[in-house]
Amino acid sequence: MTQIQLSLNRLRDDLKGSDAELVAVSKYHPVEALSEAYACGQRRFGESHVQELCMKEEVLPKDIEWHFIGHLQTNKVKYIVPFVSMIHAVDSMKLLREIDRQASKVNRRVECLLQVHIAQEDTKYGFTPEELLRVIDEGEWRCLEHVHIAGLMCMATNTDDGNQIGMEFRSVRELFDRVKALYFNDDEGFRHLSMGMSHDYRIAVREGSTLIRVGSLIFGERNYETKCT
Ligand SMILES: *Cc1c(COP(=O)(O)O)cnc(C)c1O
């Protein structure tokens with residue numbers, strides 16, 4: 001077994017008995033690394049650069065479920081909408097509208113998560129909890145037939161303080177419950193909370209994550225020199 005396969009199996013063992021599923025974040029890693037994970041049964045991969053994702057999608061097996069987890073620019077939506085399974089970080093109505101528009105052209109309904117800005121950092125994208133509630137209440141999303149809002153996504157503050165991270169994940173979990181009760185009670189498909197990365201996935205799982213996005217723990221450190229975008 002390769003190092004990637006060993007790490008993957010260790011992580012799977014760790015997730016046993018939880019509700020969380022794994023998105024293997026393969027950005028900046030070569031196709032060979034994804035193939036090793038694939039050979040070990042992994043089918044759900046996360047990427048955050050459009051060109052890199054399109055290149056990998058072209059050469060890897062078609063039964064892979066591709067998740068776009070990064071910040072997505074509206075002018076690039078059209079390249080991934082024909083095949084992407086889920087877009088995790090929708091952070092504006094403008095972006096949601098464009099996904100809907102492009103998805104209608106290829107007759108698809110794309111699963112989307114709304115990104116909540118929770119971290120104490122200026123650099124992270126997303127709706128504040130207040131903005132999120134307002135945008136959902138306004139209801140335009142109900143008219144967009146080619147996107148489905150499947151839940152929320154967030155990134156915690158990049159800190160070693162587990163209490164802080166736990167508090168942030170919990171507050172997004174509570175926001176999720178509230179949005180679910182108010183607007184999606186009759187939609188069983190609104191069920192995802194994408195939170196948790198290599199360093200904080202255990203906390204995220206404890207706080208109710210359904211999709212963890214783990215990269216370096218599986219694939220090792222990313223080499224930004226060989227970025228293929
Ligand atoms: C890169 C990335 C991850 C994975 O990070 P690791 O620390 O390698 O697990 C998760 N989520 C997003 C949005 C990312 O861009």
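Residues numbered from 1 in each chain as written. Predicted model: local features only at pLDDT ≥ 70, side-chain atom pairs only at ≥ 80, totals over all residues. Heavy atoms only, no water.

**What about the pairing of strand β2 (residues 44-47)?**
The side-chain alternation of β2 yields two buried faces, one formed by Arg44 and Gly46 and the other by Phe45 and Glu47. Taken together, the two bridges between strand β1 (residues 21-25) and β2 define a ladder with parallel strand orientation. Bridge assignment links Ala24 to a residue of β2, and that residue is Phe45. At this point the chain moves from β1, through helix α2 (residues 31-39), to the parallel β2, and the crossover so formed is right-handed. Here β2 pairs with strand β3 (residues 65-68) via four bridges, running parallel. Note that in β3 the partner of Phe45 across the bridge is Trp66. Viewed along the sheet, the connection from β2 through helix α3 (residues 50-59) into β3 turns out right-handed. (Buried < 20%, exposed > 50% of the residue type's maximum accessible area, 1.4 Å probe, protein only. Helix = DSSP H or I, 4+ residues; strand = E, 2+ residues; numbered from the N terminus. Pairing = 2+ DSSP bridges. Right-handed = clockwise from strand over helix to strand, strands pointing away.)

**Digging into the site of the ligand**
With respect to spatial proximity, the complete set of residues near the ligand consists of Val25, Lys27, Ile69, Met153, Met155, Met197, Ser198, Arg213, Val214, Gly215, Ser216 and Arg222. A distance of 2.8 Å separates an oxygen atom of the ligand from a polar backbone atom of Gly215. Contact with the protein chains hides 90% of the accessible area of the ligand, taken as 390 Å² for the molecule alone. Grouping the amino acids of the shell around the ligand by side-chain chemistry returns six nonpolar, three polar and three charged. (Near = heavy atom within 4 Å. Polar contact = N/O pair within 3.5 Å; in protein donor to acceptor, adjacent residues only side chain to side chain. Areas by Shrake-Rupley, 256 points an atom, 1.4 Å probe, with all protein chains shown as cover. Nonpolar A, V, L, I, M, F, W, Y, C, P; charged D, E, K, R; others polar.)

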